Structures are given as C-alpha cells and as structure tokens.
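Coordinate inspection notes
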There are 2 protein chains.
Amino acid sequence: MSKKVTIYDIAKKLNVTAATVSRALNDNPKISDSTKKLVLETAEKMNYRQNRLAIALKSGRSNNIGVIVPRINTNFFGSVIRGIEEELNASGYQVIICQTHNDEEKEAENVETLLNSQVDAIFMSTSSRNTITFEKILKKKIPLIFFDRKKTMDNVSSVTIDDFAGGYIATKHLIDQGCKKIAHISTGDLNIEIFRERFAGYKQALYDNDLPFSEDYVLFTKSNIEDGREAVKKLFSLKNKPDAIFSASDFVALGAIQELQAMKLKVPQDVAVIGFSNEPFTNFLELSISTIDQFPLEMGRMTAKVFLEQIDSSEVEKIQKKVVLEPKLIIRKSSNRGK
Amino acid sequence: MSKKVTIYDIAKKLNVTAATVSRALNDNPKISDSTKKLVLETAEKMNYRQNRLAIALKSGRSNNIGVIVPRINTNFFGSVIRGIEEELNASGYQVIICQTHNDEEKEAENVETLLNSQVDAIFMSTSSRNTITFEKILKKKIPLIFFDRKKTMDNVSSVTIDDFAGGYIATKHLIDQGCKKIAHISTGDLNIEIFRERFAGYKQALYDNDLPFSEDYVLFTKSNIEDGREAVKKLFSLKNKPDAIFSASDFVALGAIQELQAMKLKVPQDVAVIGFSNEPFTNFLELSISTIDQFPLEMGRMTAKVFLEQIDSSEVEKIQKKVVLEPKLIIRKSSNRGK
DNA sequence: CTGTTAGCGCCTTCAA
DNA sequence: TTGAAGGCGCTAACAG
C-alpha cells in the first residue's frame, strides 16, 4: 500500500503494456475508449501518481523554474515571488527559491545548483557585478529573465520599473513642494543599476528645474533604519542644510524622519521626505511616508508571462523582451506641504 | 558548446566507460588516482554538470523539499521560508514553494503536485479542516512536518510556538496593567488550532485572575486593518465597554488603535492594546504596538532541522517530534501604563 | 488500436 | 581497478 505504483504495475494488472497505459493516461487519441476508461479507473484505484522526475528526464523539461533573490522575507521580493508563483502555477510550473544575501559567490552557487536541477528557466534579481555567471546560463540555452535588479545584456529579457523615472518624479515632486535643497540617500552602490538610475533621475530633475547639484547632498548607505538616522546626522551637520530628502529606500526614509523629529525639525514643513518602494508600513504611520510604488506583484506576474510567451513562440528567434513598468508617485504626509 | 555534456561524452573522450567516470566523479575509492584526476580535469574542461534529475530518478530522492504556505508575501511566512531555505540549502536541498491562499482545494492540489515531483518531504502551514490530504502524504512514506498552523496527527512532526502560552501571557500582561475588561479579537475561525489556542490562553488567564469571561468581548474577523476598526466599533457600542484588547493579529491591533484614536480614546490609558506576531511595523509606529514574538526565522530553521534529524536517524522507528517554541511578550507603548 | 524497443543520464551490482 | 549490463519511470517512434 505504500510502495510506488508505476505504469507497469497497472499494465500488469490489466494485461496490457506500459505504453498503452501511458497513452491512456495522456489522452493519446490512438487508443480505444474502453481501455482508456479501464486504465484510468484502475490507476485511480491503485492510487497511481505520475513521476514527474521520469517525465522530466525523458522530455528534458523539468517544469521547474528557479528564482533567485537577495532574500525572501521582504515585502518587495515576497510579493514578486508571489506573483511569479501564481502565474506559473497556473501553467503547471513549480518555483524553486534561492537566496543570495547579496553575496555574489552564493549567487553563482545557486545558479550552478539550479542548472544541475535542470530548471527550465531562471528568474533573478541579481547582486552581481560581473556577468560570467549569466553567460553560463545562456550557454545552456535556458532562458534567463531579470526582474528589478537587472544587468544589461544581450539575449536576456528583463522586467523592471523605470527607476530613472522613479527618481525623477520623486525629486520633481519635492521641487513642486517648494524644496530647493534636495538631498539624496542612495542604498547600495552604483554598480546596481536600479540605484544608479534613481540617482540619475534625481540629477536630471534638479537640472531640468535649474537647481544646483551638490556632491555633499548625496550619501550612500545600507538600507536599514539606523542608516537613515546616521545619514540625517551627516546631512544636517553641513553648513548649508537641505530642505528635502529623497531616499532610495523606505526604511532609510523612516530612519531619516525619526532623526529629523529627534532634532525637532518639522516634517514636511522644515524637511520634506520621500522614500522608495511603498513598503506597507509607510502607510501605517501617523506621519505617513510618501514613496514610489514599484508594483511588485505585477512585476512578478509579468516576469512569468514574459517567460511563458518566450517558450510558446518558435524557438527559432530568441525573443528578448525588456518590459519596463511605470512607477507611481504616492504622496503622503511626509512630503505634502499642501503645495 | 551548448548541448548537454554527459558522463558518456567524457567517457568517450577518455576511452573509458561511463561507470568509471561516474566513480571518479563520486569519489569512489575503487579507482586509481590517475584516472580520477584525469576524469575530473576533462569534466571541468568540457564544462560537465551533473544532472540531478537523473540522480533523483535513480536514487528515488530528489533532494527537493516542498513548502506550502497560505501566501508568501507576509513577514511571518517570508521569514519562516527564509529560515527553511538557509538551513536546507546548506545540506544540499532545494525548496519548492506553493501558496494556498487559505483554500483547502488549492492545498490539496499543491500536495498532489509536490508528491508527483517526488519531493523528499513536505513542510506546511495548513489551511485545511480535514486530514485526508495529509494521510495521502504519509501513505507515501514521505515526511510531513507542520509549522505554525499544525494539525494534531500521529506520525507527524511539528514546529510551533506555544500559542496557548502566547494568549496567556498577552492577556496576563494586560491584567497586570490594571485592565479588568479585556476583549479578544480572534482571526480566522476556531478550526485553526493556533487561534483556538490563543483564545484558550486568553480565557485561562482571565480565569486564573478571577476575571469574568464574556462572549460579548470575543469577536472573530479576518486579519486586515479594516477588520480591526470594525471590531472596535462593535466592542464600543456595548453598554459595558472594554478597557483592553488582545488581538490575535498585529494588523487588526493596528486598525483597532486607529479607530480608538478616532473615537478620542487614549491608548493605552483608556484602552490598552496588544497584538500578535511582532510584525516589523508594530515597532515603527509613533505609538508602538505591544505584541507576541513568534520567532519565524527560528521556526523555519527548526522545521528544517527536525527533518534533517529525521532522515539521518534509522528508518526503523519513525520519529515524530513536536517542537514547541516559547513565544515572547514584547511590551511597547500601546499597552504600557507604567504598571 | 496495441505491443516492442529504445533511451533520457546516472549509478551499481557483478564479472573480469 | 575497470567494463558490461541493467534499471529508475516514462514516452515516442516503429511495427504489427
């Protein structure tokens, strides 16, 4: 009652061959309705369950997709993965999760393992500087799709938001509130495209509105609350203090606000603040935080869709699709001076 | 350069047999150092990568673990999965994620698919009332381990927190603050053990401290902020209004506090509030919310460990281990009246 | 419509 | 120490 039931077992019982059983199970037209029905019934009765491993080995397709993220327990990545899982599951795929903790080596290991597992594609939000790991994937002819933290490469699809636009509209919004001395706190280094883009959007907005750009107003930190507090301490020790902060992270924005309030500065009157990501907590606060929505759920769904389209299409031409979602400005109390 | 390299390819190149290659690759002692070295080098050179599917089919072990949760993009489940992935990855396992959205049918489907995929174990936080799905798993002799939302069954391990204790210490804490009319907002129905336990802990604490229990003070809702607001409206339309609320969800606690403040009631002076889960946002608020920490990361790690121990041990006796973590009371502003 | 055969990539006896 | 052969469970020609 516990050992595995194979198609041979049910073939034996019915005095037919395994091929017949296989055909019946797969709705193959070349089979009589009577035997098909018989097979299906006994399969049910014997509690048969197909072995996807065998099918995978035979067909060369595992129906598994590998997803690599820095870590899974953040709202952003959790939501992206949720979107991926939902979309893919409906098409019969399963999702294998890997975390890198922003470690390049770990990321390379994960890729290696996923390739060994014969995944049909790899979706990733990369933490790597170089691209050799990715070339390994492409060499294997398996689709690689970036989401959020992409790397610009040929033959690779990606789903991102327009981070430049995100940085731009965030900064423009602060300018519209009357701010003239806008600081920017960036998280991570500029090797990561998304942060480089947000920074570029910030600069462009300043430029377009005839505001000077100052190196002193740009800080690079990690993405923790405490980093936000530290950043504010530094910014407000300058002789020429800023009157607004555009943070590339909601957590840093929160820390910044906490520190500003500790310094008895009014938000948004004295200093307007806007974050990035629309983490749920930004809306729970008494002083709710303005931010940029990245639509992680849609990003995940879209990533899955891009893959599904890609495999549906003729293998002849490799499609590479660069989907760019529009970020959305969400104005809340931390930056709203009522125009 | 792109087609799959198998052990046969490298065998051919070396004029040996695939078996020899296999042995070399697996550090089999029965092989000369020279050929082993040669094989390893050419394998490297030819960019050989083992096919885990084939090994899985051969060995009957896929080295994949299925994890089933209601949904992945919450801090709690995200953190549990993170813990699981970290612990398991170190032992060469990969994690396949499935979401149920609290739907029993979906859960059954997920189990079915995972079994077909020959996962070596299933970890789950169940949304089901009945246990027939689980019996299918056990019949297949593959380990089933519950975490958080368990179902009491034989031959099944589980890792949970002591939800009874959680409900108890939360309620006791409110009593210690001088509250006498303590309401309880439960999320989900009482078919889910964790909520039943928290509720039981609440009642026991009242009983032990000679406080009366009243049905009027117990509400069942979903787990959204809005539900918390609604619950408070109901509770405060009673003639005999409560002076404290123990919510089984942080989100509901937040909604409750918002509504209380809207009603011009002081928290914690007029009404003390405590939530459950220690969602990060509870600590970000100006009026930080007291809560019960469930140690999700540890829970995930422990779940993985229980599994690893289980397979290491002799197969003869099925170990079933019921690990119960101690929840921790976290006192913050929403309930702290300074004794 | 059904049976036979072969093979996906690997490991593991059993011989040599 | 190495080779030969069989099989994990399934599907896909190719026959009949």
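Note that the coordinates shown come from a computational prediction; the quantities given were computed from them, not determined experimentally.

1. Points about empty space enclosed by the protein
Taken as a whole, this structure holds three cavities of 30 Å³ or more when the rule is applied. Within this model, the largest cavity holds a volume of roughly 140 Å³. Along its surface, the largest cavity is lined by 14 residues, and Leu 53 and Asn 64 of chain A together with Leu 53, Asn 64 and Ser 117 of chain B are the ones closest to its centre. Counting residues per element, the ones that place at least two in the lining of the largest cavity are α4 (52-59) of chain A together with α4 (52-59) of chain B. Empty space within the second largest cavity amounts to approximately 50 Å³. Thr 126, Ser 127, Ser 128, Arg 149, Lys 150, Lys 151, Asn 191, Ile 192 and Glu 193 of chain B together form the lining of the second largest cavity.

2. Quick notes on the relation of the copies chain B and chain A
Mapping chain B onto chain A is achieved by rotating through 180° and translating by 0.0 Å along the same axis, at an RMSD of 0.1 Å. The superposition of one copy onto the other is thereby described by a two-fold rotation axis. Closest approach to the rotation axis within chain B is made by the C-alpha atom of Ile 96 of chain B, at a distance of 2.2 Å. Mapped onto chain A, 100% of the interface residues of chain B again fall at the interface, so both copies present the same surface.

3. Quick notes on the nonpolar core
Generally speaking, a soluble globular protein has its nonpolar side chains buried in company with each other. If you look at the biggest cluster of nonpolar residues, it comprises 137 residues, and the most contacted ones within it are Ile 245 of chain A together with Ile 245 of chain B. In this structure, Ile 245 of chain A is in contact with Leu 174, Ala 183, Ile 185, Val 232, Leu 235, Phe 236, Ala 256, Leu 260, Val 271, Ala 272, Val 273 and Ile 274 of chain A, ignoring residues within four places of it in sequence. Counting 32 residues, the second largest nonpolar core, distinct from the first, contains Ile 68, Val 111, Ile 122 and Ile 142 of chain B.

4. Remarks on the domain arrangement of chain A
Taken as a whole, chain A is organised into domain 1 (7-50), domain 2 (59-161 + 296-325) and domain 3 (163-294). Computed from C-alpha atoms alone, the centre-to-centre distance between domain 1 of chain A and domain 3 of chain A is 64 Å.

5. Remarks on the pattern of salt bridges
Residue and element names in this part refer to chain A. This model, assessed by the stated rule, comprises 29 salt bridges over all chains. Among the ionic pairs, Arg 229 bridges to Glu 259, the shortest N-O distance being 3.1 Å. Of this pair, Arg 229 sits in helix α10 (residues 225-235) while Glu 259 sits in helix α11 (residues 250-262), and the two are 30 residues apart along the sequence. Given the relative accessible area of 22%, Arg 229 is considered partly exposed. Owing to a relative accessible area of 9%, Glu 259 belongs among the buried residues under this scheme.

What counts, and at which threshold
- Positions within a chain are numbered from 1, following the residues in the order the chain's sequence is written.
- Labels are handed out in written order, letters beginning with A for the chains and numbers beginning with 1 for the ligands.
- Reporting of local features is limited, given that this is a predicted model, to residues whose pLDDT is at least 70; pairs of side-chain atoms are given and counted only at 80 or more, and all residues count toward the totals for whole chains, interfaces and linings.
- Hydrogen atoms and water are omitted, and side-chain values are computed over all heavy atoms in the structure.
- In the cavity and pocket records, a cavity denotes points on a 1 Å grid over the protein atoms alone where a 1.4 Å probe fits but cannot get out, a pocket denotes an open set with protein on both sides within 12 Å along at least 5 of 7 lines, and lining residues are residues with an atom within 4 Å of a point.
- Grid points are joined across faces, edges and corners, and a volume is the space filled by probe spheres set on the points.
- Here a helix means four or more residues in a row that DSSP labels H or I, a strand means two or more in a row labelled E, and each is numbered from the N terminus.
- The copies are overlaid by a least-squares fit using only the C-alpha atoms of residues whose pLDDT is at least 70 in both copies.
- Whether two residues are in contact is decided by their heavy atoms: any pair within 4.5 Å suffices.
- Among buried residues, those of type Ala, Val, Leu, Ile, Met, Phe, Trp, Tyr and Cys that are joined through side-chain atoms within 4.5 Å constitute a nonpolar core.
- Each residue is placed in one exposure class: buried if its accessible area under a 1.4 Å probe, protein chains only, is under 20% of its type's maximum, exposed if it is over 50%, and partly exposed if it falls in between.
- Domain delimitation in this document rests on an assignment produced automatically or drawn from a domain database.
- The term salt bridge refers to a side-chain nitrogen of Lys or Arg lying within 4 Å of a carboxyl oxygen of Asp or Glu.

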